[in-house]
Amino acid sequence: MKTVTPAPTPSRTEIGRLYRTRLSKGRATLGELLGGELETESQGAWVTTATDRRLLNCSGYGVLLMGARHPTVVRHVAEQLHRNPVATRVLLEPQAALAADALVARAPAGLERVHFACSGAEAVETAIKIARTLGKDRLIAARGGYHGKTMGALSLTGKALFQEPFRPLLPGTAHVPYGDAEALEQELVAASGRACVVIEPVQGEAGVILPPPGYLRQVQELCRSHDALFVLDEIQTGMGRLGAWWGADQEGLTPDLLLAGKGLGGGVMPVSAVVATPKAFAAFDKDPYLHTSTFSGMPLAMAAVRGALAAMAEEDLVTRARILGTELLDALRRIATRHFGDLVREVRGRGLILGIEFAEPGPAGDLLVELIQQGVVANHSLNSHLVLRLTPPAILSTSDVRFLLTAFDRACRAQAARYVPTLEGGAAHAQR
Ligand SMILES: Cc1ncc(COP(=O)(O)O)c(C=O)c1O
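Residues numbered from 1 in each chain as written. Predicted model: local features only at pLDDT ≥ 70, side-chain atom pairs only at ≥ 80, totals over all residues.

Asker: An account of the overall build of the chain is requested, with residue identities and associated values reported.
Answerer: Within the chain, the secondary structure is distributed over 16 helices and 15 strands. By the compact-globule yardstick of 22 Å for 432 residues, the chain fits well, its C-alpha radius of gyration being 22 Å. Projected onto its principal axes, the C-alpha positions of the chain cover 65 × 60 × 45 Å. Taken across its 432 residues, the chain has 49% of its residues classed as buried. For the chain, restricting intrachain contacts to residue pairs at least 6 apart in sequence, the fraction spanning at least 24 positions comes to 72%. (Helix = DSSP H or I, 4+ residues; strand = E, 2+ residues; numbered from the N terminus. Rg over C-alpha atoms; globule rule 2.2 N^0.38 Å. Buried ≥ 20, exposed ≤ 12 C-beta atoms within 10 Å, placed from the backbone. Contact = placed C-beta atoms within 7 Å.)

Asker: How would you explain unusual backbone geometry if you had to name every residue and give the values?
Answerer: As a rule of thumb, non-glycine residues mostly have phi less than zero, and peptide bonds are mostly trans rather than cis. Of note, the amide linkage connecting Arg 167 to Pro 168 takes the cis form, showing an omega dihedral of 5°. Following the sequence through the fold, Pro 168 ends up in the loop between helix H7 (160-163) and strand S6 (173-176). Residues other than glycine seldom take positive phi values, yet Arg 69 does so here, at roughly 50°. Counting through the fold element by element, Arg 69 comes out in the loop between strand S3 (54-57) and helix H3 (71-81). Positive phi, normally seen in glycine, also occurs at Met 239, with a value near 55°. Take Met 239: it is sitting in the loop between strand S8 (229-233) and helix H10 (247-251).

Asker: I'd like a description of the site of the ligand, backed by residues and values.
Answerer: Taken together, 15 residues surround the ligand, and among them Gly 120, Ala 121, Gly 148, Ile 235 and Gln 236 come closest. Here the shell around the ligand takes three residues from helix H5 (residues 120-133), the largest share from any one element. Each residue belonging to the shell around the ligand can be placed in one class, and the counts come to five nonpolar, seven polar and three charged. (Near = placed C-beta within 6 Å. Nonpolar A, V, L, I, M, F, W, Y, C, P; charged D, E, K, R; others polar.)

Asker: How would you explain the packing of helix H8 (residues 181-191) against helix H9 (residues 215-225) if you had to name every residue and give the values?
Answerer: Taken N-terminus to C-terminus, the directions of H8 and H9 make an angle of 15°; their axes are 10 Å apart at the nearest point. One finds that H8 runs roughly parallel with respect to H9. With respect to the hand of their crossing, H8 and H9 are arranged in right-handed fashion. Taking contact as the criterion, the partners of Ala 181, Leu 184, Glu 185 and Leu 188 in H8 are, on H9, Tyr 215, Gln 218, Val 219 and Leu 222. Residue classes in the contact of H8 with H9 are distributed as six nonpolar, one polar and one charged. (Axes fitted to C-alpha atoms, helices over the stretch in contact; angles between N-to-C directions. Parallel < 35°, antiparallel > 145°, perpendicular 65-115°, else oblique. Left-handed = near helix turned anticlockwise from the far one by under 90°.)

Asker: I'd like to hear about the packing of helix H14 (residues 363-374) against helix H15 (residues 398-419), residue by residue, with values.
Answerer: Orientation of H14 relative to H15, taken along the N-to-C sense of each, is 135°, at an axis distance of 9 Å. The angle between H14 and H15 places the two elements in the oblique class. Along this stretch, H14 crosses H15, giving a crossing that reads as right-handed. Where H14 approaches H15, its residues Pro 363, Asp 366, Leu 367, Glu 370, Leu 371 and Gln 374 are matched on the opposing element by Ala 407, Arg 410, Ala 411, Cys 412, Ala 414, Gln 415 and Tyr 419. Looking at side-chain class alone, the contact of H14 with H15 contains eight nonpolar, two polar and three charged residues.

Asker: Which residues make up the nonpolar core, and what values do they have?
Answerer: Membership of the largest hydrophobic core comes to 132 residues, with the highest contact counts inside it found for Ala 127, Val 197, Leu 259 and Ala 304. By residue number, the principal contributor to this core is helix H12 (residues 299-314), which donates 10 residues. When we break this core down by domain, the ones giving at least three residues each are domain 1 (19-66 + 318-431) and domain 2 (71-314). Excluding residues within four positions of it along the chain, Ala 304 makes contact with Val 73, His 76, Val 77, Gly 265, Gly 266, Val 268, Met 269 and Val 271. (Core = buried A, V, L, I, M, F, W, Y, C linked by C-beta atoms within 7 Å. Domains from an automatic or database assignment.)

Asker: For the pairing of strand S4 (residues 113-117), give the residues involved together with the corresponding values.
Answerer: With respect to burial, S4 is a largely interior element, four of its five residues being buried. Inspection of the sheet shows S4 paired to strand S10 (residues 272-276) by five bridges, in the antiparallel sense. Within the sheet, the bridge partner assigned to Val 114 lies in S10 and is Val 275. (Pairing = 2+ DSSP bridges.)

The values reported here are purely geometric and, on their own, carry no functional implication.
Put into structure tokens, the structure is as follows:
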């Protein structure tokens, strides 16, 4: 097979112009604000820019638990690419069956049927449609929760800013405070047996919100006693991110539907899944054309799922995520509070989803920009501008961890000088 030499990347200015004229002016401006770097390569925990800067990748909104281009995932995908990347969708195809079986083997007990899709939002849409087949047309989600931006998923995503321009959304949708079992019970009573509850084990985009102890078990019990469909959205938290295969495992939950995405494709392919009990899946089981999409279960994505599940198990990335998460959480907390004092409201996390919440808007965004200067890419939180979020991969080496903490320390010092003059001796807070 011929190898193709990649064409040189056009200049930053040219790519900026193309973003502005062909993609989105807003996205171009945001890119500039964040330093204007072009990413051109990635390997493991690192991403390389067009100017050959190497940045430690703690971003990707939770996709890259096993880092970029994990060799096991790449091997599976490359083999499939040269064999049969896209299926006829007429014949049966082995990769989809094997990927579904491998996923079920890792899923909580009782979840035995799989529907594959491409994006997280599509998995959420699928869950909403499964709920409809069961007569559950009342949707209940949590405030601040994030479930994607297609029309159905957006109806559940608890942020007015994203919803307002697109109203009317799905009717019969209610939002309750996350962590408030009583409020949920009230909605369940009102829905009288027609509810579908969609909830995250840890709210990611809301800014790494951990539920109160026992809350998710209460949600499950309430769903059972009010005959509601219980959907656990693990698109961000699943596949080891929390230091367990699923948040469901940590809480001892057995949802009717579990949603996976992001890390499911091993950081190489876009793929999501709904893993369902046979009872919940009955309508889809019977009619294979009831809910379809062209690229659902495409062999290339299925190979990525198999590679991702294999790599997770072979390298015990779940345990690594748990141990690394504890180490990083302590260190980040110490550094952030040392520099920002009371301006840090809380540093929290579980496994490798870590959030630094500030008491006022400003520092989270400024720290994100500063971190890029210092060599680390982090995430902002789509549903909270107070929280800087880090989603590092579980494959960080000791020297990667050292690099991350040194960069975080430097970035905090630089920004705290603007925000906390008494601690850092910088410009007056009032001048901002
Ligand atoms: C919990 C959760 N559900 C659903 C989604 C939507 O996934 P996607 O952006 O792939 O549509 C996300 C994305 O951040 C998410 O965090």
